[in-house]
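# Structural description and commentary
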Amino acid sequence: MIKIEIRDLSHSKECDAFMMPVFKGEEGSARAKDLADKKKGYLRLVNDPEIGNILLVWLGRKVDATGLFIKETFATALGHMSSIGAKRIGLICTESFLKNGGLDDSLEGMILSSYSFDKHKSAKDKAPYLYIITKTSKQKAEASKRTERTIAWASAVLKIRDHVNEPSNILTPNEMKKRASKVAQLKNVKMKVIEGRELEKERLNAIRAVGSGSKTGAKLICLEYSPAAAKRKVALIGKGVTFDTGGYSLKPPRHMLGMKGDMLGSAIVMSLIEHAANSSAKIKLMGFMPLAENMISSSAYKPEDIIRTHSGKTVEVENTDAEGRLLLADTLSYCKRYKPDEIVDVATLSGSCHLALGEFICPFVSNNESMAHRLERSSELTGEKFLRLPLMKDYLRFLKSSVADIKNISFGSGGSLITSSIFLSEFVGDSPWLHIDLAGGDFQSGSVSPIFPKGSSGFGIKTLMSYLGLI
Ligand code: BES
Ligand code: ZN
Ligand code: ZN
């Protein structure tokens, strides 16, 4: 990630090149005059004999410059700076750029785009420095505040990417436990781990079943952040399948790629608790991370098994690849003993997310109007699109089992985005609940947007943070 610092104009000598945002109406100098004829997002490198290289970033009319446009444009501009060998880059932060949220968006774009998962590579790229250059001390104070905030939340997203990109031979359920114990050392954070025989005692049989094919056993990690002045108490549940082979309902090889990231939900829960604790957020968060590796072995669960879940309901396993909803079923009913005001679950649940909505639209369901509206509002603020799908109770008919209370997939392949939610809702009951399916957007091929390099993108997380008041 780029290293970011705030500098006065007088320090601009330290920079070896500059970036300068230009909105329509602010073309001012002679070399920016004809930018108005160009398409917005146009970059022009000019050389001033006194100042040096300046990359003019043409942003067009202020009213048309959406957050996403600024993020992507500055991500591209930063790439341009690197390609001319600039190591200490000055961002000239004009008053209007600062006031319009341009600084925040450009930093977000540059932080998200400058990430690379290189911890297992011998040769690592050296991250450039970005110096934010302001004129007045008032601007400097404002820029510092905004920069600190953006770095704080965006670093949480990068940490999530790190967990998700980590391969499953390293990131096992045990390794997640180690990483969670580090978070548990923070102020106001406690951890409880249910594993081994304890899972049986707590009747978390669905979690046990999903992990039964792997020698690195399943577990339920509970991380609680409990500050003194909390008004709201939210249970956050995150699917934590450290690798999803599909089990005996084995995935074809090309669908198995990316399945090291099937613990995205758990990584989000862990990092949000960490971020909440670090920023002393005033919300009580009860994080639940059901962790398992979905594998094949003589002890693995199999199609046609019947599991008595934590809720007492029995589930017929028709497909061992629909394992996420089994983990969530137990966790949803388990978390209710802590009487949360709201339950939010995040999971890479259905491949059909991607099929139906592509990379940049995140589906969700909710049984509660207020929660759904607040999420929609957060999504408007962040610019990440979320789409509410109907919780069509009538679709329960597709989950009828002839031998158990419910089965884990619907017959036929239709509507699986909805039927997976209907399955979950059977374990939620009346508690206010929001379910976010992240299977669509997270895994990127690397060419869709400059702010999403190859691998885990973290799309949607900012909206969840905004929903929880963590930004
Ligand atoms: N982990 C997958 C979902 C997934 C697919 C996440 C692609 C990210 C990218 C999940 O456990 C799964 O396998 N779902 C099945 C459900 C089906 C068997 C009803 C699916 O979507 O195919
Ligand atoms: Zn699966
Ligand atoms: Zn899965």
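As the structure is a computational prediction, the values presented were derived from the model and not from experiment.

## Observations regarding the coordination of the zinc ion (ligand 3)
Every protein donor of the zinc ion (ligand 3) is listed here as Lys239 (NZ), Asp244 (OD), Asp262 (OD) and Glu323 (OE), and their distances to the metal cover 2.0 to 2.4 Å. Taken together, the six donor atoms coordinating the zinc ion (ligand 3) span angles of 78 to 171° at the metal, a pattern that classifies the geometry as octahedral. All donors of the zinc ion (ligand 3) belong to a single chain; written as a sequence motif, their spacing is K-x4-D-x17-D-x60-E. The metal-metal distance between the zinc ion (ligand 3) and the zinc ion (ligand 2) comes to 3.2 Å, with Asp244 coordinating both. Within this pair, whereas Asp262 is found in the loop between α8 (253-256) and α9 (264-278), its partner Glu323 is found in the loop between β13 (314-316) and α10 (324-335), the two being separated by 61 residues in sequence. As far as burial versus exposure is concerned, Asp262 and Glu323 are alike and both buried.

## Side note on the packing of helix α4 (residues 137-165) against α9
Following both chains from N to C, one finds α4 and α9 inclined at 145°, their axes separated by 9 Å at the closest point. Note that α4 runs across α9; the crossing there is right-handed. Facing Ala152, Trp153, Ala156, Lys159, Ile160, His163 and Val164 of α4, the residues of α9 in contact are Leu264, Ala267, Ile268, Met270, Ser271, Glu274 and His275. Class assignment for the residues of the contact of α4 with α9 results in nine nonpolar, three polar and two charged.

## Regarding the sheet that holds strand β12 (residues 306-308)
Spatial strand order, β12-β13-β17: three strands in an open sheet with mixed pairing. If you trace the sheet from one side to the other, it starts and ends with β12 and β17 (406-407), each paired once. With three bridges connecting them, β12 and β13 associate as antiparallel partners. Residue pairing for β13: Arg308 is matched across the bridge by Thr314.

Cut-off values and rules
- Residues numbered from 1 in each chain as written.
- Chains lettered and ligands numbered in written order.
- Predicted model: local features only at pLDDT ≥ 70, side-chain atom pairs only at ≥ 80, totals over all residues.
- Heavy atoms only, no water.
- Donors = N, O, S within 2.8 Å, 3.2 Å for Na, K, Ca; no water.
- Tetrahedral: all angles 85-135°; square planar, octahedral: opposite > 155°, others 65-115°.
- Helix = DSSP H or I, 4+ residues; strand = E, 2+ residues; numbered from the N terminus.
- Buried < 20%, exposed > 50% of the residue type's maximum accessible area, 1.4 Å probe, protein only.
- Axes fitted to C-alpha atoms, helices over the stretch in contact; angles between N-to-C directions.
- Left-handed = near helix turned anticlockwise from the far one by under 90°.
- Contact = heavy atoms within 4.5 Å.
- Nonpolar A, V, L, I, M, F, W, Y, C, P; charged D, E, K, R; others polar.
- Pairing = 2+ DSSP bridges.

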